[in-house]
Amino acid sequence: MTGPKFGVVVFPGSNCDHDAYHVLKHLCGQDTVFLWHKDSSLQSSDVIILPGGFSYGDYLRCGAIARFSPIMKEVVSFARRGGVVVGICNGFQILCEAGLLPGALMRNDCLTFVCADVRLRVERAGTRFTGDCREGEILTIPVAHGEGNYRADEDTLRRLEGNGQVLFRYCDTSGNRSPEANPNGSMSNIAGIMNESGTVMGMMPHPERASDPLLGCTDGMKIFASLIRSFGAEAALSAMPDRGRSTAVSAQT
Amino acid sequence: MFRASINITLRSSILDPQGKAVHHALGNLGLHAVEEVRIGKLIELRINCRTEQEAKTIAEEACRKLLANPVMEDFTCTIAREAEGA
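The structure reproduced in this document is the subject of the present report. (Residues numbered from 1 in each chain as written. Chains lettered and ligands numbered in written order. Predicted model: local features only at pLDDT ≥ 70, side-chain atom pairs only at ≥ 80, totals over all residues.)

A few words on the overall build of chain A. Across its full length, chain A carries six helices and eleven strands. Relative to the compact-globule value of 18 Å for 253 residues, chain A shows a C-alpha radius of gyration of 16 Å, a close match. For chain A, the spread of C-alpha atoms along the principal axes amounts to about 45 × 45 × 30 Å. Buried positions account for 53% of the 253 residues belonging to chain A. Considering only contacts within chain A whose residues lie at least 6 apart along the sequence, 76% involve residues at least 24 apart. (Helix = DSSP H or I, 4+ residues; strand = E, 2+ residues; numbered from the N terminus. Rg over C-alpha atoms; globule rule 2.2 N^0.38 Å. Buried ≥ 20, exposed ≤ 12 C-beta atoms within 10 Å, placed from the backbone. Contact = placed C-beta atoms within 7 Å.)

Below, the structure written as structure tokens:
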């Protein structure tokens, strides 16, 4: 069985679109297309990726303008029909602005742009985004953002936690969620969440920058591999590079 | 013609890291009487419509749909008639 077809949306100012395309097309061997923001066809994609970058120059608020582009109208209705959508960094901000994920991403509490490898604890394994991970597993994936400070009201936060919608949290090398391990001040160290039905996921860290073995860390590949496997595509995974070089370490819990 | 002045501020329940940093800097300048700093943005719209009420409705719709994010921001709209020929 062939795997899912991926559509990577390109907004003016997207800058991680080619990284995502490279990982999905060349490393995972999946059918992958770029989707221009002015287009209104998703070209029968099974999974939509909203990549990182600075769509529309981050004017007004990050992701606020991108949300109104023609392609986003299609992405929103695709998601509402149960389609699978992944937002990375700026893509996460766009998903929140579009109301596909709850909450908002504010200016980092340190006020600076943070570009660094961070540790993420997998809070929930077995979702279509984390099927290849173990619960409590620690992934090393880089962040690169100025507005990644996740905020939501108390009710929303309680709902997210109660439904198991928090997928990744910033942690230290032992898996503890300490304030020091939190690069941006996010509530409850939240780095990535999904919607209630488990079809839309947003995360600030960049798994596409930690997938090619050439770059030294392939922990991010687990997320793409999970996605592909969730479509029952074992064959496509054989095209994947050796994941034995992963730098993942187990939680000491 | 009307001019809408829209003030967008972070909701009071939300920590404003920019405001905090500026507050700290003001303290370093010796302005210790300043107890709090909140930073927001000002957006001005020129609106071509007949009545002040209509202008307010349009400005508020703009705020709700795009200009402010209700998760973290509050807004106020002040409407003023523009002088003819301005």
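From this point, things continue past the structure.
Residues and elements named next belong to chain B. Within the open sheet, the three strands sit side by side as β2-β1-β3. Their pairing is antiparallel. The sheet is open, and its two edges are formed by β2 (41-47) and β3 (73-81), each paired on a single side. On average, each strand axis in the sheet is inclined to that of its neighbour by 20°, with strand direction left out of account. Sheet topology places strand β1 (residues 2-10) next to β3; nine bridges connect them, and they run antiparallel. What sits directly across from Leu 10, in β3, is Glu 73. On top of the sheet, helix α2 (residues 52-67) reaches β1, β2 and β3; it is set at about 155° to β3, its chief contact. (Pairing = 2+ DSSP bridges. Axes fitted to C-alpha atoms, helices over the stretch in contact; angles between N-to-C directions.)

This brings us to the pairing of β1(B). For β1(B) and β2(B), the ladder comprises seven bridges, and the chain directions are antiparallel. Within β2(B), the residue paired with Arg3(B) across the bridge is Arg46(B).

Moving on to the interface of chain B and chain A. Opposite the eight residues of chain B that make contact, chain A presents eleven residues. Its residues placed into classes, the side of chain B that touches chain A shows six nonpolar, two polar and no charged. (Nonpolar A, V, L, I, M, F, W, Y, C, P; charged D, E, K, R; others polar.)

All right, on to the nonpolar core then. Within the largest apolar cluster, 77 residues are counted, with the highest numbers of intra-cluster contacts made by Val9(A), Ile49(A), Val85(A), Leu95(A), Leu120(A) and Phe224(A). Residue contributions to this core peak at six residues, all from helix α5 (residues 221-230) of chain A. If near-sequence neighbours (up to four positions away) are discounted, Val85(A) is found in contact with Ile48(A), Leu50(A), Val75(A), Ala79(A), Leu95(A), Leu100(A) and Val200(A). Judged by nonpolar contacts, the second largest core, of ten residues, contains Ala4(B), Ala59(B), Leu67(B) and Phe75(B). (Core = buried A, V, L, I, M, F, W, Y, C linked by C-beta atoms within 7 Å.)

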